[in-house]
Amino acid sequence: MDKIILVKPDLSYADEIIKYKEESLAESPIINGSAGLDRFSSIEIWLEELKKRSCEDTVPKGLVPSSTYLGIREKDNYIVGMIDIRHYLNEYLTEAGGHIGYGVRKTERNKGYAKQMLKLALEKCKELKIKRVLITCDEDNIASEKVILSANAKLEDIRNVDGENKKRFWIEL
């Protein structure tokens, strides 16, 4: 399996981020783990948003500070996915979102990349002094559940949020 590294997005990845965005949007209107990449008209504006979201003083109202990373395949510098780490939980994240959201591009799934990205993100959580990490997935998302369980997660419960059942898992760090 090829090695994945987590890299903070910057303009040097702009063309690849655009390709990732286009490929992701062809599959779904929401790009998981991307801190709203789907809602921004340019990479520059999205990068500014990531900067705002990274700091307690500038995070938009209703959100919590977060760190977003590109999951890069080291051998060819290719974006296989994105992962977003929320530094703490608010009420919504406690119910449905969790500390970590991630996505892997369709062409790169089932290659172990999400497991690698999650493992690396959990190291970042330790640096942020997060002791217990909540990760959620849709009840019917078997692939995501396998990724979460690979990190020694324990299922707490299943909650109905806005008409969808979300499985909630905790990982002790």
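Summarised in this report is the structure supplied together with it. No experiment lies behind these values; they were computed from the predicted model shown.

## Digging into the nonpolar core
And then number 1: One finds Ile83, Ile100, Tyr102, Met117 and Val133 to be the most contacted residues of the largest nonpolar core, which totals 26 residues.
And then number 2: At the level of elements, strand 1 (4–7), strand 3 (78–86), strand 4 (100–104), helix 4 (113–127), strand 5 (132–138), helix 5 (142–149) and strand 7 (164–172) are the ones that each hand at least two residues to this core.
And then number 3: With 7 residues, helix 4 is the largest single contributor of residues to this core.
And then number 4: Sequence-distant contacts of Ile83, that is, excluding residues within four places in its chain, are made with Leu6, Gly33, Ser67, Thr68, Tyr69, Ile100, Gly101, Tyr102, Met117, Leu118 and Ala121.
And then number 5: Judged by nonpolar contacts, the second largest core, of 17 residues, contains Ile17, Phe40, Trp46 and Met82.

## Comments concerning the packing of helix 4 against helix 5
And then number 1: At a minimum axis separation of 9 Å, helix 4 and helix 5 run at an interaxial angle of 45°. As the angle between them shows, helix 4 and helix 5 are arranged oblique. In this structure, helix 4 crosses over helix 5, and the sense of that crossing is right-handed. Residues Ala114, Lys115 and Leu118 of helix 4 touch helix 5, and the partners they reach there are Lys146, Val147 and Ile148.
And then number 2: For the contact of helix 4 with helix 5, the residue count by class is 4 nonpolar, no polar and 2 charged.

## Considering the state of the cysteines
One covalent bond between the sulfur atoms of two cysteine residues makes up a disulfide.
And then number 1: Taken as a whole, this structure holds 0 disulfides when the rule is applied.
And then number 2: Of the cysteine sulfurs around Cys125, a residue in no disulfide, the closest is that of Cys137, at 17 Å.
And then number 3: Looking at Cys137, the relative accessible area reads 5%, which means it is buried.

## So, the sheet that holds strand 6 (residues 154–161)
Through backbone hydrogen bonds, the strands of a sheet pair up, either in parallel or in antiparallel fashion.
And then number 1: Taken together, the 3 strands give an open sheet; going across it, the order is 5-7-6, and neighbouring strands pair in antiparallel fashion. In this open sheet, the two strands that pair with only one neighbour each are strand 5 and strand 6. Geometrically, the sheet is characterised by an average inter-axis angle of 25° between neighbouring strands, direction not taken into account.
And then number 2: Pairing analysis gives 7 bridges linking strand 5 to strand 7, with the strands arranged antiparallel. Its bridge partner lying in strand 7, Asp138 is registered against Lys166.

## Here's the deal with the side chain of Arg168
And then number 1: Position of Arg168 relative to the elements: it lies in strand 7.
And then number 2: Taking relative accessible area as the criterion, Arg168 reaches 1% and is therefore assigned buried.
And then number 3: A distance of 2.9 Å separates a polar atom in the side chain of Arg168 from the backbone oxygen of Thr94.
And then number 4: A polar contact is formed between the side chain of Arg168 and the side chain of Glu156, at a distance of 2.2 Å.
And then number 5: Residues in contact with Arg168, not counting those within four places in the same chain, are Thr94, Glu95, Leu134, Ile135, Thr136, Lys154, Leu155, Glu156, Asp157 and Arg159.

## Digging into the sheet that holds strand 3
And then number 1: Read from one edge to the other, the open sheet built from 4 strands follows the order 1-2-3-4, with strand pairing classed as antiparallel. Unpaired on one side and paired on the other, strand 1 and strand 4 mark the two borders of the sheet. On average, adjacent strands in this sheet sit at an angle of 25° to one another, irrespective of strand direction.
And then number 2: Relative to strand 4, strand 3 runs antiparallel, the two sharing 5 bridges. If you follow Ile85 over to strand 4, its bridge partner there is Ile100.
And then number 3: Contacts from helix 1 (residues 14–27) reach strand 2 (66–73), strand 3 and strand 4 within the one sheet, and its direction differs from that of strand 3 by about 80°.

What counts and how
Residues numbered from 1 in each chain as written. Predicted model: local features only at pLDDT ≥ 70, side-chain atom pairs only at ≥ 80, totals over all residues. Heavy atoms only, no water. Core = buried A, V, L, I, M, F, W, Y, C linked by side-chain atoms within 4.5 Å. Buried < 20%, exposed > 50% of the residue type's maximum accessible area, 1.4 Å probe, protein only. Helix = DSSP H or I, 4+ residues; strand = E, 2+ residues; numbered from the N terminus. Contact = heavy atoms within 4.5 Å. Axes fitted to C-alpha atoms, helices over the stretch in contact; angles between N-to-C directions. Parallel < 35°, antiparallel > 145°, perpendicular 65-115°, else oblique. Left-handed = near helix turned anticlockwise from the far one by under 90°. Nonpolar A, V, L, I, M, F, W, Y, C, P; charged D, E, K, R; others polar. Disulfide = S-S within 2.5 Å. Pairing = 2+ DSSP bridges. Polar contact = N/O pair within 3.5 Å; in protein donor to acceptor, adjacent residues only side chain to side chain.

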